[in-house]
Amino acid sequence: MKFLSKILLLVLLVSVSFAQKFEATADRTTVGQNERFQVFFTFEGQSSNVSGFKPPSFEGFRVLSGPNQSTNMQIINGQVSSSITFSFILTPSNIGEFTIGKASVNYSGTKYETNPLAIKVVQGATTAQPQQSGGEISQEELQKNVFIIASADKRNVYQGEQVTVTYKLYTKLTIASIQIAKLPTYNGFWQEEIPTDNTINWEIEMYNGERFRTATIKRVALFPTKAGELTVTPFELNLPIVVKKRRTSNDFFDDFFNDSFFGRTETVDYTAKSNTLKINAEPLPQNNVPESFNGAVGDFNFTSQLDRTSLKANESLTLRFTITGSGNMQLLDLPKLTLPAGFEVYEPKSNLNINRGSKISGTKIIEYVIVPRVQGQKTIPAVEFSYFNPAKKQYVTTTSPVYVIEVEKGDGTIASGSGFSKEDIKLLNEDIRYIKTSSTKFYSMNGDSIIPIWFWLGLILPAFTLGGLLIYQSRNEKLSRNTQLLKSRKAEKLAKQRLKTAQKLMTGNESLAFYSEISLAMNGYLEDKLSIQKSEFSLGKALDKLSEKNISDDLKEKVKQIYEKCEFARFAPSSQNISAEKNLYDETIETIIKIESHLNSRRSK
């Protein structure tokens, strides 16, 4: 309950601030004799406090109905508005001009009155007979009751001067919704849209003696960019219009359901189109045009500000120009800032803030960052800003002050009384190099080659290393896929390892172990080299394989003798000595080397 009370209090506080207005209107101010028409007395404000309505006398008219009372309330952007309307249906008795007197109401103890309302009564009918087509409302009736009017606050302006165009929708019918069909074009204008309420705010307005509900649907500020007669094309809206369905026959049920109580309606699609506007843009005066004029039209104020007047060389300062006022803000531009030698100026930073009210106004700030490069007393010259004032029909020029700054010696700068010295120019020449576009050859200052040899080695060696690694990897992959080939390649290596073990046993005291290692070395070598399974190995098979490899008989005989000596030593180890062991060791190495050499030479063939 407390929350609801706060909400109601807030609504009341907002509504109290709404202005009060009491007006008299008629659905038309020119009527035919004996024609019916309506008169409305509307109070806008807080309608709940309205009391004591007193209608006028209506002399010269017959009151057919009234007062009929209706109220309306709407909330737009948080603001609550309400109205109360007292309406009458009248018919004139005679031809002539009549005046409906003042009506009055009391609002919170204050009396409000309407203005007198003039009504002209003519002979005959003033309203055309409705053209029915199959019971539907005609396009002519729609055009008469729903339309858009585009109006300009000025028709004759100077080039660059603002003209505000307003589009208002007029209707006597009920519109379900509004959709844009075609936007107007503004050729020859720079345009700035003026925001309107997102919610349509309907008002009552008399137009050509008839009463309409009106709403502003679009506003735009236009600035002619060229002289001559410029055209604003129509603005079109798609409007679904709700109309009462008319009786199409004398059927009893049509008569029954056509009664206002049932309110049978239908929706008719209609495209409303505004009028075309012609704007005459006059050229700006060509006499006494300031040199600094850059197209600004309006009423402006020009100021400048320097953030400091004393600093060291190579430090920065900020010069700010501010333009405020109303006019073509987007097109404002300052003359280029020109500084004497000894200053470096960066590209200016511009900031524009526009207020899009009925008059386009705002503020434009232009900031220059300036860096003095040499010490001494320096001067920043004045800057002119000129604009054309359409109200005064003349050009106006304002000037910024001349700024004098003291620049002290800074780090890395060359002291100078004023301006540049030869040394300054030489320093800048070394600092900034020109782009050389012709062909150039480079030479080493000490006579050596410009590109050392280690540079080329650094380029070539990685390529060779990579190639070697790829070959090595390919070889290993090939060997891994061929087990027999891998064993054959490693046969000599394994034999050498066993022979090293045998060499360690070659002491004369470990004959059995020595001869066993010699025998294993030969077995392993021949098995791997000749592709003989260990389970199938025998001396005879090994000799046959050696024969297939075209090994000489002498070499085969050597192999046979090595095996026989190993077998003999196993059975008579005591007969062996270190000298015999060394002879067998050397003989075995020599035999393996010869077999390996023969097989390699054969493979190479």
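Residues numbered from 1 in each chain as written. Predicted model: local features only at pLDDT ≥ 70, side-chain atom pairs only at ≥ 80, totals over all residues. Heavy atoms only, no water.

**Q** Just checking my understanding: could you explain a positive patch on the surface for this structure?
**A** The grouping of R475, K478, R489, K490 and K493 at the surface amounts to a positive patch. Looking at the positive patch, the elements with two or more residues in it are helix 5 (453-481) and helix 6 (483-504). Broken down by element, the residue count for the positive patch peaks at 3 residues, all from helix 6. Tracing the backbone through its elements, the reader meets K478 in helix 5. A relative accessible area of 53% means that K478 is categorised as exposed. (Patch = residues over 30% accessible without salt bridge, like charges linked within 9 Å, V, L, I, M, F, W, Y side chains within 5 Å. Areas by Shrake-Rupley, 256 points an atom, 1.4 Å probe, with all protein chains shown as cover. Salt bridge = Lys/Arg side-chain N within 4 Å of Asp/Glu carboxyl O. Lys, Arg positive; Asp, Glu negative; His and termini not counted. Charge placed at Lys NZ, Arg CZ, Asp CG, Glu CD. Helix = DSSP H or I, 4+ residues; strand = E, 2+ residues; numbered from the N terminus. Buried < 20%, exposed > 50% of the residue type's maximum accessible area, 1.4 Å probe, protein only.)

**Q** Can you help me understand the pattern of salt bridges in this one?
**A** A side chain with one charge may pair with a side chain of the opposite charge, provided their charged atoms come close. Under the defined criterion, the tally for this structure stands at 21 salt bridges. Of the charged contacts, one joins D27 and R28 as a salt bridge, the two residues approaching to 3.5 Å between their closest N and O atoms. The buried category is assigned to D27, whose relative accessible area is 15%. Given a relative accessible area of 13%, R28 falls into the buried group. As a salt-bridge pair, E587 and K565 come within 3.0 Å of each other at their nearest N and O atoms. Of this pair, E587 sits in helix 10 (residues 578-604) while K565 sits in helix 9 (residues 553-571), and the two are 22 residues apart along the sequence. Overall, the relative accessible area of 13% leaves E587 in the buried class. Of the residues examined, K565 reaches a relative accessible area of 37% and is grouped as partly exposed. Among the charged side chains, a salt-bridge network with shared partners connects D27, R28 and E35.

**Q** Where do I start with helix 7 (residues 511-530) in this structure?
**A** Owing to its 3.6 residues per turn, the α-helix aligns residues three or four sequence positions apart on the same side. Taking 1.5 Å as the rise per residue, helix 7 with 20 residues should run 28 Å; its terminal C-alpha atoms sit 28 Å apart, in good agreement. Most of helix 7 is tucked away: 15 of the 20 residues are buried. Just beyond helix 7, the residue with positive phi is S531, at close to 55 degrees. (Expected span 1.5 Å × (residues − 1).)

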